[in-house]
Amino acid sequence: MPELVFPLDSRKRFSEQDLVGHNRWHPDVPAQVHVRPDSSFRVHCREWFDGAIHNDDNADDIRDAPLSTVHVLSGPIAVDGAHPGDLLVVDILDVGPIPGEDSGPLAGQGWGYTGIFATQNGGGFLTEQFPDAYKVIWDFRGQVATSRHVPGVSFTGIVHPGLMGTAPSHDLLARWNQREGALIATDPDRVPPLALPPLPQDALLGTLSGDAFEQAAAEAARTAPPRENGGNQDIKNLTRGSRVFYPVFVEGANLSMGDLHFSQGDGEITFCGAIEMGGFMDLHVDVIPGGMTTYGVGENAVFMPGTTDPQFSQWLAFSGTSVTLDGEQRYLDSHLSYQRACLHAIDYLTKFGYTPEQAYMILGAAPIEGRLSGVVDIPNSCSTVYLPTAIFDIDVRPSAQGPEQIDPGQGVPRSSF
Ligand code: ZN
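Below is a short write-up of the structure. (Residues numbered from 1 in each chain as written. Predicted model: local features only at pLDDT ≥ 70, side-chain atom pairs only at ≥ 80, totals over all residues. Heavy atoms only, no water.)

1. Describing the pairing of strand 7 (residues 134–141)
Summarising burial for strand 7: six of the eight residues are buried, a large majority. Where strand 6 (residues 111–116) lies against strand 7, six bridges are found, and the strand directions are antiparallel. Bridge assignment links G115 to a residue of strand 7, and that residue is K135. As judged from the three bridges shared by strand 7 and strand 8 (residues 144–146), these two strands associate in the antiparallel manner. Note that in strand 8 the partner of D139 across the bridge is T146. If you look at the hairpin formed by strand 7 and strand 8, you'll find two residues sitting between the two strands, and G142 has a positive phi there, around 60°. (Buried < 20%, exposed > 50% of the residue type's maximum accessible area, 1.4 Å probe, protein only. Helix = DSSP H or I, 4+ residues; strand = E, 2+ residues; numbered from the N terminus. Pairing = 2+ DSSP bridges.)

As structure tokens, then:
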């Protein structure tokens with residue numbers, strides 16, 4: 001096992017650990033760990049809500065999810081000799097649930113969760129159709145996930161970090177705040193919001209304190225969106241064996257990570273849509289001096305995905321175009337066409353006995369593939385969502401016999417109002 005450089009004690013909250021991480025992006029968050037180029041090390045990660053979501057049959061915790069506290073990130077980890085303009089090469093040697101325990105109170109200890117956020121608190125990709133809060137608990141046995149809330153489905157997890165990235169420079173942070181603030185200003189009262197401005201409440205900035213903390217907390221960037229530094233990209237293929245090249249914006253690069261997922265469908269469409277868990281990552285880092293200019297990688301990270309995806313030989317795919325449910329034509333709107341493809345798949349699965357919420361959860365959590373199949377055929381973009389047929393206990397292909405029915409069981413727990 002590589003040296004554990006960022007340990008977490010499962011009995012303590014994230015803010016009470018020996019090494020305290022952070023939940024905002026800011027260049028002044030001090031590095032908690034220093035490593036050398038060409039070194040390997042282990043990091044523990046807490047699930048993104050730091051234990052606020054419980055293994056039970058009630059979604060009130062999702063309804064009340066403390067969004068101001070996310071994401072709790074392990075780091076920053078400074079790499080000696082990494083300078084602005086370099087590329088940081090990060091190999092994901094291994095990633096998995098919390099090691100050494102198979103049951104316990106924290107997500108990652110043998111279980112994880114997927115949520116549908118209420119429109120009033122977070123929302124999601126299909127929030128118009130699913131405005132209330134729901135939760136599904138998934139149990140892990142080895143590599144396989146099953147759920148008492150979604151019968152008839154099991155699949156091998158593609159374990160990955162939802163979030164990993166380097167620290168922004170002051171200049172880059174200012175650009176983020178400028179452009180996201182301008183977007184928010186176009187409709188400041190929108191629910192859910194267009195973007196999340198800096199929020200000092202519940203900000204955690206490592207060992208920063210006093211005036212330095214106050215100043216940084218007022219301008220530090222929220223962790224929800226992916227940006228030039230990588231960040232919350234939620235790429236399900238960023239699994240074991242992946243190599244990522246991150247732009248370096250500050251001395252030491254200051255790498256941080258968290259938001260581990262046991263599995264996720266492309267798009268993480270319920271927003272809390274992966275199987276969320278805590279766990280560990282084994283990483284190897286190295287530096288390509290001047291790599292940002294050499295390779296023209298300044299606008300975002302590039303990566304080579306791992307080669308350990310589950311093997312599926314058959315898919316059932318659904319397509320959607322950029323026409324609203326009310327029949328309004330939009331111009332090459334791929335967000336809309338992917339929504340239509342997903343709604344199409346959800347409708348289809350209800351014919352087999354699933355509730356709409358169960359079907360939505362399957363699309364968020366199972367290793368489904370989403371694709372931009374056509375983006376030039378005016379006025380309709382064509383998006384597709386591919387469901388691996390092997391994740392279902394029943395045959396979900398269309399046939400003359402009609403759809404076999406599953407027993408939906410207790411269904412998906414929803415929140416009270
Ligand atoms: Zn996540």
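Right, picking up where we left off after that structure.
2. Concerning helix 6 (residues 356–365)
Most of helix 6 is tucked away, with nine of its ten residues classed as buried. Within the sequence span of helix 6, burial applies to E357, Q358, A359, Y360, M361, I362, L363, G364 and A365. At its buried positions, helix 6 is contacted by strand 6, strand 7, strand 9 (155–156), strand 15 (271–276), helix 5 (334–350) and strand 20 (382–388). (Contact = heavy atoms within 4.5 Å.)

3. Here's the deal with the nonpolar core
The biggest cluster of nonpolar side chains holds 79 residues, and the ones touching the most others in it are L88 and M164. At eight residues, helix 5 tops the list of elements feeding residues into this core. Taken domain by domain, this core gets at least three of its residues from each of domain 1 (3–304) and domain 2 (315–391). Here L88 is in contact with V79, T166, V244, F245, Y246, V248, A253, L255, V285, D286 and V287, once residues within four sequence places are set aside. Counting residues in hydrophobic clusters, the runner-up holds 15 residues, among them W48, I62, W111 and F117. (Core = buried A, V, L, I, M, F, W, Y, C linked by side-chain atoms within 4.5 Å. Domains from an automatic or database assignment.)

4. Details of the sheet that holds strand 18 (residues 315–321)
Taken in spatial order, the three strands make up an open sheet running 18-20-19, and their pairing is antiparallel. Whereas interior strands pair on both sides, the edge strands pair on one side only; in this sheet they are strand 18 and strand 19 (369–374). Within the sheet, the average angular offset between the axes of one strand and its neighbour, ignoring direction, is 25°. Sheet topology note: the strand 18/strand 20 ladder contains seven bridges and is antiparallel. Bridge pairing in strand 20 links S319 to T384. (Axes fitted to C-alpha atoms, helices over the stretch in contact; angles between N-to-C directions.)

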